[in-house]
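Here are the chains, one letter per residue:
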Amino acid sequence: MSADAVAAPLLVVGSVNADLVVRVPRHPRPGETVLGGDLAVHPGGKGANQAVAAARLGADVAFAGRVGTDAYGPLLLGALRRDGVDTSLVATDDGTTGVALITVDDDGENAITVSPGANGRFTPAHVDALEPALRRARVVSLQLEIPHETVAEVMRRCAASGTRVVLNPSPGPWAMPPHALGMCDPFVVNEHEAADAVRGADSAGLEPDPRGDASDGPLERARRAVLALRASGAEPRSVVVTLGAAGAVCAENGGDLVHVPAPPVHPVDTTGAGDAFTGALAWRLALGDPLADAVGYAVRVGAAAVTAEGAQPSYPTPADLPPPA
């Protein structure tokens, strides 16, 4: 199927990886070896994760990305299709598929190293083939596991066609032109990504450092991050800052911050929870939900995702969602 035939209201453009996961009692220090459990192989990649999270919730979603000719490529394509994601816009490159090496400790916290593989060969020239699907989509969701210049080209074309862009600038560091922030609606970050996005920006008049310090609570750190983004002169159309167990805050068009608390859950594995949040958020925005309502839904999806192991294997259906906090 060509891009001319893809008319999904939500289009995710980004990475697809094989996640190689090992449980460990704790993460090793530099130079240290820690014995872990058995290796598990799961479908992943931030882009594919977002698409699958949305599909599990009932979304009509297409995914655009690249896989390699190794054994992981067919495995990942099959997983996307089984969840109902339209893979018509996934191309196959000679070479390796993206791989993420993930360790998860007994507290459910993860450490991840990514080998981009075919994701790194997704160039701006490949965006030409996506043009019809970009125009037809209501929302295009993006991340930074593909080359930043490719993300910038997708954003440029979305701006030209009036398509809404949801961007999660992960993994960092941010390496895109500041004016790209103004195309994001919303710009979705956690506390650390928010600090990366404003590092080096002019924060005159914001004393102390807009990133705050360890004594600040999560809501105060989020407030400072949003103020710093606004002071940078390249404010997103809207912004969402995720706060883990504290939920998320959102603001649009220079308005007040709205705090959306997360329902209490027992975390097992946080891998991919941010992708589940963003995929759910993008889908609800594609349906026409107001931003705060979409964030309220997304925090429930993110909370459900941390209660099981793995990224995509943990993603909930609507019946699995906890009630609002």
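About the thresholds
- The numbering scheme is per chain: residues are counted from 1 as the chain's sequence reads.
- Per-residue local features of the predicted model are confined to residues with pLDDT of at least 70, and side-chain atom pairs are confined, for both listing and counting, to 80 or more; whole-chain, interface and lining totals are unaffected and use all residues.
- The basis for every side-chain value is the complete set of heavy atoms in the structure, and neither hydrogens nor water enter the calculation.
- In this scheme Phe, Tyr and Trp rings, the latter by its six-membered ring, pair at centre separations within 6.5 Å, and the angle between planes marks the pair as stacked below 30 degrees, edge-to-face above 60, and tilted otherwise.
- Placement of a positive charge over a ring is assigned whenever Lys NZ or Arg CZ falls within 6 Å of the ring centre and within 35 degrees of the normal to the ring plane.
- Throughout, nonpolar core names a set of buried Ala, Val, Leu, Ile, Met, Phe, Trp, Tyr and Cys residues whose side chains join them through atoms within 4.5 Å.
- Each residue gets one of three labels from its accessible area relative to the maximum for its type: buried under 20%, exposed over 50%, partly exposed in between, using a 1.4 Å probe on protein chains only.
- Residues count as neighbours in contact if any of their non-hydrogen atoms are within 4.5 Å of one another.
- Here, a salt bridge means any Lys or Arg side-chain nitrogen found within 4 Å of an Asp or Glu carboxyl oxygen.
- Per the convention used, a helix needs a DSSP run of H or I reaching at least four residues, while a strand needs a run of E reaching at least two, with both numbered from the N terminus.
- Any two strands are treated as partners once DSSP identifies two or more bridges connecting them.
- Axis definition: a line fitted to C-alpha atoms, limited for helices to the stretch in contact. Angles are taken between N-to-C directions and run from 0 to 180 degrees.

**Student:** Any chance you could explain the packing of aromatic side chains here in plain terms?
**Tutor:** Any aromatic ring pair is given by two values, namely how distant the centres are and how the planes are angled relative to each other. Summed over the entire model, instances satisfying the criterion amount to zero aromatic pairs. For Arg284, the ring lying beneath its charged end belongs to Tyr297, and the centroid distance is 4.8 Å.

**Student:** Would you explain the nonpolar core in this entry?
**Tutor:** One broad trend across soluble globular proteins is that nonpolar side chains are buried collectively. With 48 residues, the main nonpolar core has Phe63, Val240, Phe277, Leu281 and Val295 as its most contacted residues. Setting aside chain neighbours within four positions, we find Val240 in contact with Pro186, Phe187, Val188, Val189, Ala248, Val249, Cys250, Phe277, Leu281, Leu291 and Val295.

**Student:** Whenever I open this one, the pattern of salt bridges confuses me. Can you help?
**Tutor:** A side chain with one charge can pair with a side chain of the opposite charge if their charged atoms come near. Throughout the structure, instances matching the rule amount to 16 salt bridges. The partner of Arg56 in a salt bridge is Asp83, with the nearest N and O atoms 2.6 Å apart. Of the two residues, Arg56 is situated in helix α1 (residues 46–56) and Asp83 in the loop between α2 (72–82) and β5 (86–92); the sequence distance between them amounts to 27 residues. Looking at Arg56, the relative accessible area reads 21%, which means it is partly exposed. Measuring nitrogen to oxygen at the nearest pair gives 2.7 Å for the salt bridge that ties Glu153 to Arg156. Remark: Arg156 and Glu153 occur in helix α4 (residues 148–161); sequence separation between them is three residues, near one turn of the helix. Note on Arg156: relative accessible area 45%, which makes it partly exposed.

**Student:** Got a minute to help me understand the sheet that holds strand β12 (residues 248–252) in this structure?
**Tutor:** Hydrogen bonds between backbone groups are what pair the strands of a sheet, and the pairing can be parallel or antiparallel. Read across the sheet, nine strands follow the order β5-β4-β1-β8-β9-β10-β11-β12-β13 without closing on themselves; strand pairing throughout is mixed. Looking at strand neighbours, the two that pair on one side only are β5 and β13 (258–260), the edges of this open sheet. Along the sheet, successive strands turn relative to each other by an average axial angle of 15 degrees, direction set aside. Relative to β13, β12 runs antiparallel, the two sharing three bridges. Bridge pairing in β13 links Ala248 to Val260. Contacts between α2 and the sheet are confined to β4 (61–67) and β5, with β5 contributing the most and set at about 170 degrees to the helix.

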